[in-house]
Structure formats: structure tokens, C-alpha cells
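Observations on the three-dimensional arrangement
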Amino acid sequence: LVTLYTVGSRLSRRPALTLLGVVEGAMAVLLLPGMTGLSTWVLYAAILFGAWFLGDVTRRWRDAATAHALRATELEQARTELARLAVSAERVRIARELHDVVAHSMSVIAMHAGSGRLAADQDPAAARRALEVVERSSRDALAELRRLVTVLRDRDDAGPALDPAPGLQDVHQLVAEVAAF
């Protein structure tokens with residue numbers, strides 16, 4: 001019985017069935033010429049088959065458990081990769097948002113600071129206007145950065161309504177700020 005259970009649990013189905021048939025045949029050869037009847041042979045054959053069948057079920061469960069463990073590992077790796085990709089995409093989105101918020105204001109500030117420096121000796125009023133644009137642009141940039149940081153920190157909280165980043169409809173205002181000097 002132990003041998004047939006082991007055969008059923010260790011070998012694949014076809015070789016295990018072949019060995020079961022050999023054992024059943026050997027039992028028939030040993031029992032039929034003797035004193036036992038057909039009912040005894042059928043009982044022994046059923047017991048031997050039962051031992052093999054339990055081994056076969058054990059092997060199939062073990063194979064299924066191994067396949068499920070492999071699939072779980074693959075799914076965990078896929079989940080980890082998706083989480084990594086989501087973090088990467090979020091970082092790219094945040095970087096793009098920071099660039100959109102700050103780049104325009106920094107360009108305006110740099111241009112007007114340079115023109116104010118050049119105009120300081122010849123036209124103090126023009127230098128003052130350039131410094132006012134620098135001040136207003138830097139305050140706007142700080143406000144936009146503060147808004148973005150607030151959105152990033154309080155993503156789950158329902159906070160006050162925030163203005164969206166400048167869009168295509170705001171191009172004329174952005175150009176006017178650059179040309180204001």
C-alpha cells in the first residue's frame with residue numbers, strides 16, 4: 001500500500017498507472033490459483049487502487065499548490081512593477097506641473113531683472129516698473145508653488161477651491177506680462 005501511494009504521489013499519471021496495472025496483475029496471478037475467491041481479489045484490488053488514488057490526489061494537489069504559488073509570485077512582481085510605474089508617472093506629472101508653474105514666472109523675472117539693471121542708470125522709472133514686474137511675478141510664482149504643494153500634501157482632504165494652472169486661453173495675459181516693460 002505504501003509503495004502504491006508513493007508511486008501515485010511521486011510519478012506522473014501514465015507511469016504510475018502502468019505500475020498500478022503491474023501490481024494488480026501480479027496480485028491476480030498470486031491470488032487466483034490459490035484458495036481465495038473472486039470477491040477477495042476484487043477487495044484487494046480496490047484497496048491497492050485506493051492507495052494509488054490517494055497518492056495521485058496528493059500529487060495533483062501538490063502540483064496545483066506549486067502552480068498557485070508561482071502565479072502568486074508573478075502577480076506580486078507585477079503589482080510591484082505597476083506600483084513602481086505609478087510612482088514614476090506621478091513624479092513625471094509633478095515635475096511637469098512644477099515646470100509649468102515656475103518656468104514662465106522665472107523667465108519674466110529674469111528678463112525684467114536684466115532690463116531693470118540696464119535701465120537703472122538711464123531711466124529710473126523704467127527700472128522701477130521692471131522691479132514691480134519682478135516683484136509681482138515672483139509673488140505669483142510663490143503663490144502657484146504654494147498651491148501646488150498644498151494640493152500634493154492635502155490630496156485626500158477637501159480644501160478650498162484652487163485656480164487651475166494657466167491654460168491656452170491665458171496666453172494673451174502671459175504675453176502681456178512679458179511685454180509689459
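Quick notes on the rules
Residues numbered from 1 in each chain as written. Predicted model: local features only at pLDDT ≥ 70, side-chain atom pairs only at ≥ 80, totals over all residues. Heavy atoms only, no water. Helix = DSSP H or I, 4+ residues; strand = E, 2+ residues; numbered from the N terminus. Buried < 20%, exposed > 50% of the residue type's maximum accessible area, 1.4 Å probe, protein only. pLDDT = per-residue confidence, 0-100. Core = buried A, V, L, I, M, F, W, Y, C linked by side-chain atoms within 4.5 Å. Contact = heavy atoms within 4.5 Å. Salt bridge = Lys/Arg side-chain N within 4 Å of Asp/Glu carboxyl O. Phe/Tyr/Trp six-rings, centres within 6.5 Å; stacked < 30°, edge-to-face > 60°.

**Topic: the environment of Ser138**
Its place among the elements puts Ser138 in helix H4 (residues 124–153). Ser138 sits in the partly exposed class, given a relative accessible area of 26%. Expressed as a C-alpha distance, the spacing of Ser138 and Ser105, which sit 33 residues apart in the sequence, is 6.7 Å.

**Concerning the confidence of the model for the protein chain**
For the protein chain, per-residue confidence averages 82 on the pLDDT scale, and residues scoring 70 or more make up 86% of the total. Per-residue pLDDT, averaged within each element of the protein chain, yields its smallest value for helix H5 (residues 171–178) (71) and its largest for helix H3 (residues 38–119) (88).

**What about the nonpolar core?**
Counting 10 residues, the largest nonpolar core consists of Leu4, Val7, Ala16, Leu20, Met27, Leu31, Ala45, Leu48, Ala51 and Trp52. Those elements giving two or more residues to this core turn out to be helix H1 (2–10), helix H2 (13–31) and H3. Excluding anything up to four places from it in sequence, Ala51 contacts Leu1, Leu4 and Tyr5.

**Observations regarding the pattern of salt bridges**
In total, this model carries 10 salt bridges according to the counting rule given. The salt bridge partner of Arg84 is Glu81, with a shortest N-O separation of 2.5 Å. With Arg84 and Glu81 both in helix H3 and three residues apart, the pair spans about one turn of that helix. As a salt-bridge pair, Glu144 and Arg147 come within 3.2 Å of each other at their nearest N and O atoms.

**Quick notes on the packing of aromatic side chains**
Remark: the centre distance and the inter-plane angle together describe each pair of aromatic rings, the angle taken between the planes. Using the criterion set out here, one finds two aromatic pairs in the structure. A ring pair is formed by Phe49 and Trp52, whose centres lie 5.6 Å apart and whose planes are at 35°; its orientation type is tilted. Note that Phe49 and Trp52 are positioned in helix H3 at a spacing of three residues, about one turn of the helix. On the accessibility criterion, Phe49 (39% relative accessible area) is partly exposed. With a relative accessible area of 4%, Trp52 lands in the buried category. When the centroid spacing of 6.1 Å and the interplanar angle of 20° are considered together, the rings of Phe49 and Phe53 count as stacked. Taken together, the residues span about one helical turn, with Phe49 and Phe53 both in helix H3 at a distance of four residues. For Phe53, a relative accessible area of 38% translates into the label partly exposed. Counting every residue linked through ring pairs, the aromatic cluster contains Phe49, Trp52 and Phe53.

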